Amino acid sequence: MGDQDEGGSESTGERIDAAEREAARRRLLDRAEAERIPATETTRAVPDRRWRHGR
(Lines give C-alpha, C1' and ligand atoms only; values in the text may rest on other atoms or scores of the structure.)
Protein backbone atom coordinates (compact mmCIF):
# COMPACT_ATOMS: atom_id res chain seq x y z
CA MET A 1 0.00 0.00 0.00
CA GLY A 2 2.09 3.22 0.35
CA ASP A 3 2.31 6.12 -2.03
CA GLN A 4 2.34 4.13 -5.27
CA ASP A 5 -0.64 2.30 -6.73
CA GLU A 6 -0.51 -1.01 -8.61
CA GLY A 7 0.25 -0.34 -12.27
CA GLY A 8 2.37 2.73 -11.50
CA SER A 9 1.44 6.25 -10.66
CA GLU A 10 2.51 9.50 -12.21
CA SER A 11 4.92 11.69 -10.32
CA THR A 12 4.19 15.36 -9.81
CA GLY A 13 6.67 16.24 -12.57
CA GLU A 14 4.96 13.92 -15.03
CA ARG A 15 1.56 15.43 -14.21
CA ILE A 16 2.97 18.95 -14.74
CA ASP A 17 4.53 17.89 -18.05
CA ALA A 18 1.24 16.38 -19.19
CA ALA A 19 -0.64 19.55 -18.22
CA GLU A 20 1.88 21.70 -20.11
CA ARG A 21 1.59 19.49 -23.20
CA GLU A 22 -2.20 19.71 -23.06
CA ALA A 23 -2.06 23.51 -22.70
CA ALA A 24 0.33 23.77 -25.66
CA ARG A 25 -1.93 21.49 -27.73
CA ARG A 26 -4.95 23.65 -26.93
CA ARG A 27 -3.03 26.84 -27.86
CA LEU A 28 -2.05 25.32 -31.21
CA LEU A 29 -5.61 24.21 -31.92
CA ASP A 30 -6.98 27.64 -30.96
CA ARG A 31 -4.46 29.36 -33.25
CA ALA A 32 -5.23 26.98 -36.11
CA GLU A 33 -8.96 27.59 -35.70
CA ALA A 34 -8.42 31.37 -35.71
CA GLU A 35 -6.39 31.14 -38.94
CA ARG A 36 -8.72 28.64 -40.62
CA ILE A 37 -10.23 29.61 -43.95
CA PRO A 38 -13.92 28.66 -44.19
CA ALA A 39 -14.61 25.87 -46.66
CA THR A 40 -17.04 28.07 -48.60
CA GLU A 41 -14.14 30.34 -49.55
CA THR A 42 -11.89 27.51 -50.71
CA THR A 43 -14.40 25.47 -52.72
CA ARG A 44 -15.73 28.13 -55.08
CA ALA A 45 -15.57 27.00 -58.69
CA VAL A 46 -13.24 29.06 -60.83
CA PRO A 47 -13.36 28.45 -64.57
CA ASP A 48 -10.15 27.13 -66.00
CA ARG A 49 -9.84 28.73 -69.42
CA ARG A 50 -6.68 26.80 -70.34
CA TRP A 51 -8.80 23.81 -71.39
CA ARG A 52 -11.11 25.85 -73.65
CA HIS A 53 -8.36 26.73 -76.13
CA GLY A 54 -8.19 23.17 -77.46
CA ARG A 55 -11.90 22.96 -78.23
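Residues numbered from 1 in each chain as written. Predicted model: local features only at pLDDT ≥ 70, side-chain atom pairs only at ≥ 80, totals over all residues. Heavy atoms only, no water.

So, the overall build of the protein
In step 1: Each helix and strand in the protein was counted, giving two helices and zero strands.
In step 2: Here the protein holds 55 residues, and 0% of them are scored as buried.
In step 3: Carbon and sulfur atoms make up 50% of the accessible area of the protein, which totals about 5900 Å². (Helix = DSSP H or I, 4+ residues; strand = E, 2+ residues; numbered from the N terminus. Buried < 20%, exposed > 50% of the residue type's maximum accessible area, 1.4 Å probe, protein only. Areas by Shrake-Rupley, 256 points an atom, 1.4 Å probe, with all protein chains shown as cover.)

Some remarks on the pattern of salt bridges
In step 1: The full count for this structure, using the stated rule, is three salt bridges.
In step 2: Of the charged contacts in the structure, one is a salt bridge between Arg-36 and Glu-33, with a shortest N-O distance of 3.3 Å.
In step 3: The class for Arg-36 is partly exposed, based on a relative accessible area of 49%.
In step 4: One connected set of salt bridges, linked through shared partners, spans Glu-22, Arg-25 and Arg-26. (Salt bridge = Lys/Arg side-chain N within 4 Å of Asp/Glu carboxyl O.)

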